[in-house]
Every structure is written in C-alpha cells, then in structure tokens.
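Coordinate inspection notes
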Amino acid sequence: MLLNYLKIAQRNLLRHKLTASINILGLGIGIAACMVIWQYVQW
C-alpha cells in the first residue's frame, strides 16, 4: 500500500513539476521557520 502511494507521488511529481516544486519549497520553508521558532523558544 505504501509502495503504491510512493509510485503515485512520483508520477505526480514528474507530471506537475512547477506545482510540486512550489509545494516542496513551501514545506521546506515552513519546517525551517518552525525550527527557528522552536530554537528561539528554547532559549
């Protein structure tokens, strides 16, 4: 089942390159912002 999801995700990434790139970039920025905020709160 997981392998099927990975295949579908790969197919969609190859088919919609611009949208996938924007989504992955946004996810990376969001995770980085959460980590920076978490580090700030820890101090």
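Refer to the preceding data block for the structure.
Scope of this entry: the structure provided in the associated data block. (Residues numbered from 1 in each chain as written. Predicted model: local features only at pLDDT ≥ 70, side-chain atom pairs only at ≥ 80, totals over all residues. Heavy atoms only, no water.)

Topic: the environment of Arg-11
The test is simple: Each helix is a run of DSSP H or I of at least 4 residues and each strand a run of E of at least 2, with the numbering of both proceeding from the N terminus. Think of it in three bands: with a 1.4 Å probe and only protein chains considered, a residue is buried below 20% of the maximum accessible area for its type, exposed above 50%, and partly exposed in between.
Along the chain, Arg-11 falls in helix α1 (residues 2-15). Of the residues examined, Arg-11 reaches a relative accessible area of 45% and is grouped as partly exposed. Separated by 12 residues in the primary sequence, Arg-11 and Asn-23 place their C-alpha atoms 15 Å from one another.

Describing a nonpolar patch on the surface
The line we're drawing: For patch detection, residues must exceed 30% relative accessible area and be free of salt bridges, and they are connected within 9 Å for like charges or within 5 Å for nonpolar side chains (Val, Leu, Ile, Met, Phe, Trp, Tyr). Surface accessibility follows the Shrake-Rupley procedure with a 1.4 Å probe radius. Residue values consider only the protein chains on display as shielding. When a carboxyl oxygen of Asp or Glu lies within 4 Å of a side-chain nitrogen of Lys or Arg, that pair is called a salt bridge.
Together, Met-1, Leu-2, Leu-3, Tyr-5, Leu-6 and Ile-8 make up an exposed nonpolar region whose accessible area comes to about 690 Å². As for its placement among the helices and strands, Leu-6 is situated in helix α1.

Focus on the environment of Leu-27
Position of Leu-27 among the secondary structure elements: in helix α2 (residues 17-42). Spatially, the C-alpha atom of Leu-27 lies 19 Å from that of Tyr-5, the residues being 22 residues apart in sequence.

As for α2
Quick reminder of the rule: Multiplying 1.5 Å by the residue count of a helix minus one yields the expected span of that helix.
Compared with the 38 Å implied by 1.5 Å per residue over 26 residues, the 37 Å span of α2 between its first and last C-alpha is a close match. With respect to burial, α2 is a largely exposed element, only one of its 26 residues being buried.

Observations concerning the packing of α1 against α2
Stated precisely, the cut-off is as follows: Helix axes are fitted only over the stretch in contact, all axes being lines through C-alpha atoms; the angle between N-to-C directions runs from 0 to 180 degrees. An angle counts as roughly parallel when it lies under 35 degrees, as roughly antiparallel when it exceeds 145, as roughly perpendicular when it falls between 65 and 115, and as oblique in every other case. Contacts: residue pairs with any heavy atoms within 4.5 Å of one another. Charged residues are taken to be Asp, Glu, Lys and Arg, nonpolar residues to be Ala, Val, Leu, Ile, Met, Phe, Trp, Tyr, Cys and Pro, and polar residues to be all remaining types, Gly included.
One can describe the packing of α1 onto α2 by two numbers: an axis separation of 5 Å at closest approach and a directional angle of 110°. Of the possible angle classes, the one that applies to α1 and α2 is roughly perpendicular. For the pair α1 and α2, the contacting residues are Leu-13, Leu-14 and Arg-15 in the first and Lys-17, Ala-20 and Ile-24 in the second. Counted by class, the contact of α1 with α2 contains four nonpolar, no polar and two charged residues.

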